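Breakdown of the fold
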Amino acid sequence: MTSRVYFADMRSRSADQTISNKLRSLFDVSEMHKIISEGDVVALKVHLGTGENHRHLRPEHVRAVVEKVQEAGGKPFVTETTGIGLASIRGTAVGCIKTATLHGFTQETLGAPIVIADGLKGLSGVKVKINGIRMREVEIAQAIAESDAMISIAHVKGHPRTGLAATLKNIGIGCLTKVGKAPLYMAKKPKIDQRLCNNCGVCIRFCPVGAIRQSRGRTELIQRRCIVGCGCWDVCPQKAITRWNDLHHPRNSELIIRNVDAAAAVVKHIGRDKIAYLNLAYEITPHCDCADYGDVPMVPDIGVFASRDPVAVDKAASDAVIKAPGIAGSAADEVGVMRPGDDKFTGLSEYSPFAPFRNVDQTREWRIQFEVAEKLRLGTTEYELVKIE
Ligand code: SF4
Ligand code: SF4
């Protein structure tokens, strides 16, 4: 079975050919209106970017989709979830909205409200059972779980651990609560190193679930109560709590597989016929939008992909990135994947900022997300690319 992926390139020779107009055309030609019934509350899942990283989606492009959803009778809202660690830039809904404003995403620019889907501190979600490769239960962010339909608007780029970050990541880990994200990234729970701890009590006040207490003159972390994702390691002045990097699964494949399990849970919960996918392949940076910096893009801007198949849309976008020439002075140049056909995502494992995330055995396995997604019947890597002007 082959899935159809519609594609519009980045060329813009007249006002008819703006990216916003191409998005409107892609919405029509891919029949995205069919996922929306009159009155449906429709989540438009985006990434709002982080800190001063300027390589993120453009608000006006999201607005074009907002207007098409409204035309189709839906009630759209633009949504994102909080990141791991309450003390991180996007760790709370407050931080997410501040970031959104900094990056130009507001009710006024979007034409729809922004809802941080997992609540003020990222602890609000719905547990969904899943017969995944690794996961049996996934916690989906509340507002996404309650949506009648969803359009994923993903920014195509690299990632230190999953290689490619596009649709499967946007509808996987991107749709989970802070607590839901934790088992995807992390293999264990933090501990307190008693040799470093001075019992200052900062972590006790910080922990939202009372998993840290003082007892007999020691500060103890009660692992069975710990929900992991809120990140007390960031606030300990003594660096006595296990650092985030030391909690990760030792192999990146674990995150990749679990992310696809999560994506399957989201699709199952919302309904396959109620979700559509857009991949915006511009500003294709080596690092994902969770980084608070944006390096030079690896390849020139490519265009916009639309599909009803989350696997096909990612396969098409990643094939296009690989086929593209690298940009001089970018990470592609740094790691020697400049020719059309060089695998830019595999090459990224040599990119210097990603050194802490390499597998111990140096294997490079970003493509397994497609194998896992096909196994879970999320979609197919066999696609027909339909180019529109
Ligand atoms: S914040 Fe660090 S030093 Fe202070 S009590 Fe907690 S673990 Fe100990
Ligand atoms: S102890 Fe666990 S639940 Fe409490 S802040 Fe630390 S990571 Fe979060």
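**Concerning the overall build of the chain**
Helix and strand content of the chain: 13 helices and 14 strands. Since a compact globule built from 389 residues should have a radius of gyration of about 21 Å, the 21 Å found for the chain is in line with a globular shape. Structurally, the chain occupies a C-alpha span of about 70 × 50 × 40 Å along its principal axes. In the chain, buried positions account for 53% of the 389 residues.

**Focus: the domain arrangement of the chain**
Think of interface size as the accessible area that goes away when the parts come together; that is how it is often given. One can read the domain layout of the chain as domain 1 (3-184 + 251-388) and domain 2 (189-247). Inter-centroid distance (C-alpha atoms) of domain 1 to domain 2 is 32 Å. Listed per partner, the contact involves 13 residues of domain 1 and 9 residues of domain 2. Within the side of domain 1 that touches domain 2, the residues separate by chemical class into 7 nonpolar, 3 polar and 3 charged.

**What to know about the packing of helix α1 (residues 19-29) against helix α2 (residues 59-71)**
Remark: α1 packs on α2, axes separated minimally by 9 Å, with the N-to-C direction vectors making an angle of 35 degrees. The interaxial crossing formed by α1 with α2 has right-handed handedness. Where α1 abuts α2, its residues I19, S20, L23, R24 and F27 lie against E60, H61, A64, V65 and K68. Broken down by class, the residue content of the contact of α1 with α2 amounts to 5 nonpolar, 2 polar and 3 charged.

**Some remarks on the nonpolar core**
Within the largest apolar cluster, 104 residues are counted, with the highest numbers of intra-cluster contacts made by L44, V65, I151, I153, A281 and F305. Of all the elements, helix α9 (residues 252-270) adds the most residues to this core, at 11 residues. Ignoring any residue separated from it by four or fewer positions in sequence, one finds I151 in contact with M32, V42, L44, V65, V69, A276 and L278. In this structure, C203, I212, C232 and I241 belong to the second largest nonpolar core, which totals 13 residues.

**Some remarks on the site of ligand 1**
As a matter of local geometry, ligand 1 sits amid 13 residues, with C197, C200, C203, C236 and Q238 nearest to it. Among the residues making up the shell around ligand 1, the classes are represented as 8 nonpolar, 5 polar and no charged.

**With respect to the site of ligand 2**
In the vicinity of ligand 2 there are 13 residues, among which C207, A211, C226, C230 and C232 approach most closely. When its residues are assigned to classes, the shell around ligand 2 shows 12 nonpolar, 1 polar and no charged.

**Topic: the sheet that holds strand β3 (residues 75-80)**
Strand order in the open sheet formed by 8 strands is β4-β3-β2-β7-β12-β13-β1-β14, with mixed pairing between adjacent strands. Among the strands making up the open sheet, the edge pair consists of β4 (114-116) and β14 (383-388). On average, each strand axis in the sheet is tilted by 25 degrees relative to the strand beside it, whichever way the strands run. As paired elements, strand β7 (residues 149-155) and strand β12 (residues 275-281) share 6 bridges and run parallel to each other. Across the sheet, residue S152 finds its bridge partner in β12, namely Y277.

Criteria and cut-off values
Residues numbered from 1 in each chain as written. Chains lettered and ligands numbered in written order. Predicted model: local features only at pLDDT ≥ 70, side-chain atom pairs only at ≥ 80, totals over all residues. Helix = DSSP H or I, 4+ residues; strand = E, 2+ residues; numbered from the N terminus. Rg over C-alpha atoms; globule rule 2.2 N^0.38 Å. Buried ≥ 20, exposed ≤ 12 C-beta atoms within 10 Å, placed from the backbone. Domains from an automatic or database assignment. Contact = placed C-beta atoms within 7 Å. Nonpolar A, V, L, I, M, F, W, Y, C, P; charged D, E, K, R; others polar. Axes fitted to C-alpha atoms, helices over the stretch in contact; angles between N-to-C directions. Left-handed = near helix turned anticlockwise from the far one by under 90°. Core = buried A, V, L, I, M, F, W, Y, C linked by C-beta atoms within 7 Å. Near = placed C-beta within 6 Å. Pairing = 2+ DSSP bridges.

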